[in-house]
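Breakdown of the fold
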Amino acid sequence: CSRKGQVFSAKACAKLITENNCTNLKQLIVGARYIRDHEIKYIDQIFDVAASYGLSCRRWEELSEDEAGKPDITIMDIQAAVLRFYMAADVVLVPSLNEVLPLVICESMAFE
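Residues numbered from 1 in each chain as written. Predicted model: local features only at pLDDT ≥ 70, side-chain atom pairs only at ≥ 80, totals over all residues. Heavy atoms only, no water.

1. Some words on the side chain of Gln6
- In this fold, Gln6 is placed in helix α1 (residues 6-19).
- You can call Gln6 buried: its relative accessible area is 13%.
- If we skip the residues at most four places from it in the chain, Gln6 touches Cys1, Ile29, Tyr42, Ile46 and Pro95. (Helix = DSSP H or I, 4+ residues; strand = E, 2+ residues; numbered from the N terminus. Buried < 20%, exposed > 50% of the residue type's maximum accessible area, 1.4 Å probe, protein only. Contact = heavy atoms within 4.5 Å.)

2. A few points about the sheet that holds strand β2 (residues 57-59)
- A sheet is described by the order of its strands in space; here three strands give the open sequence β1-β3-β2, paired in parallel fashion. Unpaired on one side and paired on the other, β1 (27-32) and β2 mark the two borders of the sheet. Sheet twist, expressed as the mean angle between neighbouring strand axes with direction ignored, is 20°.
- Bridging between β2 and strand β3 (residues 73-77) involves three bridges; their strand directions are parallel. (Pairing = 2+ DSSP bridges. Axes fitted to C-alpha atoms, helices over the stretch in contact; angles between N-to-C directions.)

3. Regarding the packing of α1 against helix α2 (residues 37-52)
- With their axes 9 Å apart at the nearest point, α1 and α2 run at an angle of 10° to one another. Our classification of the angle between α1 and α2 gives roughly parallel. The segment α1 lies against α2, with Gln6, Val7, Ala10 and Lys11 engaging Tyr42, Gln45, Ile46 and Val49.
- Looking at the contact of α1 with α2 residue by residue, the classes come out as five nonpolar, two polar and one charged. (Parallel < 35°, antiparallel > 145°, perpendicular 65-115°, else oblique. Nonpolar A, V, L, I, M, F, W, Y, C, P; charged D, E, K, R; others polar.)

4. Here's the deal with unusual backbone geometry
- Phi is positive for Asn21, close to 60°, though the residue is something other than glycine.
- Along the polypeptide, Asn21 turns up in the loop between α1 and β1.
- What makes Asn21 exposed here is its relative accessible area of 60%.

5. Remarks on the nonpolar core
- Grouped together as the largest cluster of nonpolar side chains are 15 residues, with contacts concentrated most on Ile46, Cys57, Ile73 and Ile75.
- Taken together, the elements giving at least two residues each to this core come down to α1, β1, α2 and β3.
- With five residues, the single largest contributor to this core is α2.
- Each residue touching Ile46, except ones within four places of it in the same chain, is listed here: Gln6, Val7, Ala10, Ile29, Cys57, Ile73 and Ile75. (Core = buried A, V, L, I, M, F, W, Y, C linked by side-chain atoms within 4.5 Å.)

Following this line, the structure appears as structure tokens:
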């Protein structure tokens, strides 16, 4: 949903890739929900951001094994086990607009 701020992180990563030549940068957004209309529209905005910068954006659940890791931005549904994402990440980005202490900060610190 919009309070999570993923559109802003998608724009920032898109700018880093296209304007700063960070061509090896990949963004993985974990925790997308496709339940309510406003959630679906918000995820569509992330796809629109990627397209406006000429970048690829795909849902993880729709990728074949060979395609995994290739899109510039990958959006993954909600996950129960998150350790593997923190262990694989070089950077954890928290673009939330109104959470006092997002759980993701605590989790990422615990898995360092």
